[in-house]
Structures are given as C-alpha cells and as structure tokens.
Amino acid sequence: MNTITYEDFARVELRSGVVLKAEAFPKAKKPAYKVWVDFGSDIGVKQTSARITLHYTPEALMGRTVIGCVNLGTRNIAGFISEFLLVGFEDANGAICLAAVDGEVPKGRKLI
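Residues numbered from 1 in each chain as written. Predicted model: local features only at pLDDT ≥ 70, side-chain atom pairs only at ≥ 80, totals over all residues. Heavy atoms only, no water.

Colleague: So what's going on with the state of the cysteines? Residues and values would help.
Modeller: The full count for this structure, using the stated rule, is zero disulfides. The thiol of Cys69 is unpaired, and the distance to the nearest cysteine sulfur, on Cys97, comes to 19 Å. Residue class for Cys69 comes out buried when judged on its relative accessible area of 5%. (Disulfide = S-S within 2.5 Å. Buried < 20%, exposed > 50% of the residue type's maximum accessible area, 1.4 Å probe, protein only.)

Laid out in structure tokens, this is it:
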C-alpha cells in the first residue's frame, strides 16, 4: 500500500449530495444508470454514470444521500458526460455498494 500525505488527501473533494434523478443507461457497455446529484449551492447539480444496477433501482436512489468525488474532471462515457465519481465498495461478487452517510449531512459537505 502506498502512503500519501494529508495534503494529498485534502485535495480529494469527496462531497455529500442528494440524488435528484436516476435512469437506465442502455448505451453503456456494462449495466449502469445515469445519476444526477445535487451537491448544494456552491457546487450545484452534477451528473454521472454509475454501475450500481445490481443493488439499487432508480426509484430507490431518489432522495438518497451519497458521496461523490467532484474534482476528478469529466469523462465521456458512451456519449454521456460524467462530471463526478459516485463512490462505493465492491461486494464479494464485484457489484458496487454505495458508500453511505450516517445521519443528516447538508449537501456539499466535504468528507474530512
């Protein structure tokens, strides 16, 4: 495992947000959703593609507080611009389980 400095970690913008919309993304190579998250007034609404279809439905994602890395830059995924990385962990079978926020956290708060 590589060691990083606190300053390196502090540059990573992991922020809390609330899912506004999620829908199927049939053009993606692997099963995925298009997800729109509100990160609050300073960051705004950002969109991403997320391979989270095994554990979540679009309806179950609505209103959920999530964690996103908002300073990675954009990626074009099958013609859809992904503006942040929705973070999670692989389960024993490789399916993604979203990282969770415990308790009420305002939109846009930085993970510290």
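Colleague: Outline the sheet that holds strand 1 (residues 14-24), listing residues and values.
Modeller: Pairing between the strands of a sheet comes from backbone hydrogen bonds, and it takes one of two forms, parallel or antiparallel. Taken in spatial order, the five strands of this open sheet run 3-2-1-4-7, and their pairing is antiparallel. Only two strands of the sheet have a single partner each, and these edge strands are strand 3 (45-50) and strand 7 (85-86). (Pairing = 2+ DSSP bridges. Helix = DSSP H or I, 4+ residues; strand = E, 2+ residues; numbered from the N terminus.)

Colleague: Provide a residue-level description of unusual backbone geometry, including the pertinent values.
Modeller: Phi at Ala78 is positive, roughly 50 degrees, even though this residue is not glycine. Here Ala78 lies in the loop between strand 5 (75-77) and strand 6 (80-82). The class for Ala78 is partly exposed, based on a relative accessible area of 39%.

Colleague: Would you mind going over the packing of aromatic side chains in detail, with residue names and values included?
Modeller: A complete count under the given rule lists four aromatic pairs for this structure. When the centroid spacing of 6.5 Å and the interplanar angle of 50 degrees are considered together, the rings of Tyr6 and Phe9 count as tilted. Linking Tyr6 with Phe9, this pair stays in helix 1 (residues 6-10), spanning three residues, or about one helical turn. Centroid distance Trp36 to Phe80: 5.8 Å. Interplanar angle 80 degrees. Geometry classified as edge-to-face. Residue Trp36 is located in strand 2 (residues 33-38), and its partner Phe80 is located in strand 6; the two are separated by 44 residues in the primary sequence. Exposure class is identical for Trp36 and Phe80. Each is buried. The residue whose ring lies beneath Lys21 is Trp36, and the NZ or CZ to ring-centre distance is 4.5 Å. (Phe/Tyr/Trp six-rings, centres within 6.5 Å; stacked < 30°, edge-to-face > 60°. Lys NZ or Arg CZ within 6 Å of the ring centre and 35° of its normal.)

Colleague: Give a description of the pairing of strand 2 that names residues and reports values.
Modeller: Most of strand 2 is tucked away: six of the six residues are buried. In strand 2, alternate side chains face the same way, and those of Tyr33, Val35 and Val37 on one face and Lys34, Trp36 and Asp38 on the other are all buried. Judged from the six bridges that link them, strand 1 and strand 2 form a sheet pairing that is antiparallel. Considered in strand 2, the bridge of Val19 is made with Val37. Bridging between strand 2 and strand 3 involves six bridges; their strand directions are antiparallel.

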